Amino acid sequence: MELTELIIKGILIVVLFGVTLLIAMYSTWAERKVAGFIQDRFGPNRAGPGGIFQPLADAGKMFFKEDFIPSQANKWLFILGPCLAILTALMSSAVIPFGESIRYEDLLIPVQGVEINIGILYVFGVVSLGVYGLMVGGWASNNKFSLLGAIRAASQNISYEIGFGLSIIAILMMTGSLSIRAIVEQQHGFAWNLFNQPLGFIIFLTCAFAECNRTPFDLPECETELVGGYHTEYSSMKLGFYLFAEYINMFVSSAIIASLYFGGYNYPGMDWVRETLTGSLGAATGHNLATLVGTIVLFGKIFFFIFFFMWVRWTLPRFRYDQLMNLGWKTFIPLSILNVVVTGFGLLYDVKYASWAIVIVMVIMAMVSSARAPKPAVQPQRT
Amino acid sequence: MKPTEILFYALTAITLLSASFVVTARNPIHSVLALILTFFCLSGHYILLNAQFLAAVNIIVYAGAIMVLFLFVIMFLNMKTEDEESKTTITKLAAVVVGGVLLVVMVAVFRAASMATYNPSTYSAKVGLVENLGLVLYRDYLLPFELASVLLLVAMVGAVMLGKREPGDRHF
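Just so you know, these numbers come straight off a predicted model, no measurement behind them.

As a further point, take the overall build of chain A. Counting its secondary structure elements, chain A contains 13 helices and two strands. For 383 residues, the compact-globule formula gives about 21 Å, and the C-alpha radius of gyration of chain A, at 23 Å, lands near that figure. Its C-alpha atoms give chain A principal-axis dimensions of roughly 70 × 60 × 45 Å. For chain A, the proportion of its 383 residues judged to be buried stands at 43%. A fraction of 77% describes how many contacts in chain A between residues 6 or more apart in sequence connect residues 24 or more apart.

Pasting the structure below:
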């Protein structure tokens, strides 16, 4: 590898890392703003215009609080827990393609941390490790509520990982590659996987909610039952790491959803934009600008999904734990296996939109069952 | 020394250290965490051999699923105090005998086994990548592969059968 290529790659990795942290930081502010909007109040508006410096103030507060370790806790594991959580959260964005390629003289450098041919499996591996941070931290706190939260988190993550993995298999069958870049490149223009895999998308999205421990799946930190969940005993920046890891996970899963199902950096009319830009500004500048437009489009999709995560959080109530387990094991796993089988038939007989059949059947079944359900008798209002 | 050799020796040292810590650790949780570290080192060895798929699957299956369940059970049982009742003289003796027999068997096998040598002119560096692995599994070793999957299915059905609540069972 040449030195210039290495330097550009290094700058790129540092920038992607910084952007990940920045977005995670401002997600906390956006979360409170969205909550304020949905609940018809202002949200943070004191620190800076529109509360824009609120994340900095929060970080300052986190750093200067007392860093407390319970006397009966296992000290090293207590420290290891939040470190593992944030480490695994930061690792997973390495393989996501954030844009096509940067052209420098004759070099074409992909806008991606590292391109490996098993990208999606790497993401899986890292996601499945994320649970250790919660489990180790919860156990090391030496607190019953923390332990219960940790055990809930572990069982929830393991259960939803299966649905998560099976829903991607249909995409892998259609693409024939495990590399995220190859999956994104196949959705060139407007041929997004969403149109072929609607069911897989819904399953994947829901499992991503569960993997991030976001409402309606935030039972590991269910306040009414568990005080604070696995991070009950944590304070200061250790707590901050846990909360920050959640927001980084949210960003990364939004990026993966956008890449797998919403075409990543592809958008309709991208070829026209590229030709016009390279025609009017020269090969190198035009190419880089077209890449930048694609990256901006990808970030638009990512921001939409981050907003969606927040929207759902402030709209839906929490599940009960048995409902959560039933949904994961008895609904998503059979449905995603069915999706794999139907996609296989579709590939065999060259029917591209086979997966829609399941969705249509499901919608009809839901309509029939709701029509046949006994209607609640209308109670006359007492005056 | 080449960088890969340095990596190899460093990884091997960490692997052996963490593997021996698995056996010697007093706290079961530390033991499990050391075992997870051992699996990571093994994945590192796979990556050094350019078998990325195997490395990722090793992490997903062993570190990501099986060890989580180990940790889960140990946390639930909360085994802090040492259980001396199960360590009678006869079990210790049996463990020593079994371990010794295993050592003898392995030494005998490794003495008899011939190391496969490789030819740099015909060797393809891509042999461990997922495409080649898939071709080999589904073309040359289709029957053993399918039989292994049936075996896994049987194990799964057995687990469901054992865990199933029968009428008259106590509700927890």
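From N to C terminus, chain B includes six helices and zero strands. Mapped in sequence order, the helices and strands of chain B form the string α-α-α-α-α-α. A compact globule built from 172 residues would reach a C-alpha radius of gyration of about 16 Å, whereas chain B, at 21 Å, exceeds it by more than 25%. On the principal axes, the C-alpha backbone points of chain B span a range of 65 × 40 × 30 Å. Evaluated residue by residue, chain B yields a buried proportion of 14% over its 172 residues. Considering only residue pairs separated by 6 or more positions, chain B has 52% of its internal contacts joining residues 24 or more positions apart.

This brings us to the domain arrangement of chain B. By a widely used convention, the size of an interface equals the accessible area lost when the partners come together. Examined at the domain level, chain B breaks down into domain 1 (1–79) and domain 2 (129–165). Between domain 1 of chain B and domain 2 of chain B, the C-alpha centre-to-centre distance is 24 Å.

Residues and elements named next belong to chain A. Across its 28 residues, helix α12 (residues 321–348) extends 40 Å between first and last C-alpha, which sits within 8% of the 40 Å expected from 1.5 Å per residue. At Phe332, α12 shows its maximal kink, close to 30 degrees; a proline, Pro334, follows between one and four residues later. The inward-facing, buried residues of α12 abut α5 (144–175), α7 (198–211) and α13 (355–372). Trailing α12 by a residue or two, Asp350 shows a phi angle of about 60 degrees, which is positive.

Moving on, we come to the UniProt feature "transmembrane region" (unreviewed entry) in chain A. Residue and element names in this part refer to chain A. According to UniProt, the feature "transmembrane region" (unreviewed entry) maps to residues 6–26, 76–99, 119–141, 162–184, 239–262, 289–312, 332–349 and 355–373 in the numbering used here. Secondary structure within residues 162–184 divides into 83% helix and 0% strand; the distance between the first and last C-alpha atoms comes to 23 Å. For residues 355–373, the helix share is 95%, the strand share is 0%, and the end-to-end C-alpha distance is 27 Å.

The next subject is the nonpolar core. Counting residues in hydrophobic clusters, the biggest one holds 104 residues, and the most contacted among them are A:Leu121, A:Met135, A:Ala150, A:Phe204, A:Phe251, A:Ile257 and B:Ala56. Those residues in contact with A:Phe251, other than ones at most four positions away along the chain, are A:Thr20, A:Ile23, A:Ala24, A:Ser27, A:Ile302 and A:Ile306.

Contact residues are listed per partner, giving 17 residues for chain B and 17 residues for chain A. Take the side of chain B that touches chain A: its biggest share by element is 14 residues, from helix α3 (residues 52–77) of chain B. Looking at the side of chain B that touches chain A residue by residue, the class counts come to 15 nonpolar, two polar and no charged.

Below, the discussion takes up helix α9 (residues 236–261) of chain A. Residue and element names in this part refer to chain A. For α9, built from 26 residues, the straight-helix expectation of 38 Å at 1.5 Å per residue is met to within 8% by its first-to-last C-alpha distance of 38 Å. In terms of residue burial, α9 counts as a mostly covered element, since 22 of its 26 residues are buried. Looking one or two places after α9, you find Gly263, whose phi comes out positive at around 80 degrees.

A word on the packing of α12(A) against α13(A). All names here are of chain A. Relative to each other, α12 and α13 sit at 135 degrees, their axes nearing to 8 Å. Taken together, the axes of α12 and α13 are oblique relative to one another. Across the interface between the two elements, Leu338, Asn339, Val342, Thr343 and Gly346 from α12 touch Ser355, Ala357 and Ile358 from α13. Per-class residue counts for the contact of α12 with α13 are four nonpolar, four polar and no charged.

Moving on to the pairing of strand β2 (residues 107–110) of chain A. Residues and elements named next belong to chain A. When strand β1 (residues 101–104) meets β2, the two strands line up antiparallel, connected through four bridges. Pairing of Ile102 across the sheet is with Ile109, part of β2. Hairpin connection of β1 to β2: two residues between the antiparallel strands, including Glu105 at a positive phi of 50 degrees.

Let us look at the UniProt feature "transmembrane region" (unreviewed entry) in chain B. Residues and elements named next belong to chain B. With numbering aligned to this structure, UniProt lists the feature "transmembrane region" (unreviewed entry) at residues 6–25, 32–49, 55–77, 89–113 and 141–162. Helix makes up 95% of residues 6–25 and strand makes up 0%, while its end C-alpha atoms are separated by 28 Å. Taken as a whole, residues 55–77 contains 100% helix and 0% strand, while its terminal C-alpha atoms sit 31 Å from one another.

In this structure, A:Asn142 is a non-glycine residue whose phi angle is positive, near 60 degrees. Mapped onto the elements, A:Asn142 comes out in the loop between α4 (119–140) and α5. Within the chain, B:Asn50 stands out as a residue other than glycine whose phi angle is a positive 65 degrees.

Low pLDDT means the predicted coordinates in that region are not meant to be read closely. On average, residues of chain B score 84 in pLDDT, and 93% of them reach the 70 mark or higher. Interface confidence in the predicted complex, given as ipTM, is 0.78; pTM for the same model is 0.85.

Definitions and cut-offs
- Residues numbered from 1 in each chain as written.
- Chains lettered and ligands numbered in written order.
- Predicted model: local features only at pLDDT ≥ 70, side-chain atom pairs only at ≥ 80, totals over all residues.
- Helix = DSSP H or I, 4+ residues; strand = E, 2+ residues; numbered from the N terminus.
- Rg over C-alpha atoms; globule rule 2.2 N^0.38 Å.
- Buried ≥ 20, exposed ≤ 12 C-beta atoms within 10 Å, placed from the backbone.
- Contact = placed C-beta atoms within 7 Å.
- Domains from an automatic or database assignment.
- Expected span 1.5 Å × (residues − 1).
- Bend = angle between axes of the 7 residues up to and from the residue.
- UniProt positions renumbered as here; feature names shortened; annotations may be inferred.
- Core = buried A, V, L, I, M, F, W, Y, C linked by C-beta atoms within 7 Å.
- Nonpolar A, V, L, I, M, F, W, Y, C, P; charged D, E, K, R; others polar.
- Axes fitted to C-alpha atoms, helices over the stretch in contact; angles between N-to-C directions.
- Parallel < 35°, antiparallel > 145°, perpendicular 65-115°, else oblique.
- Pairing = 2+ DSSP bridges.
- pLDDT = per-residue confidence, 0-100.

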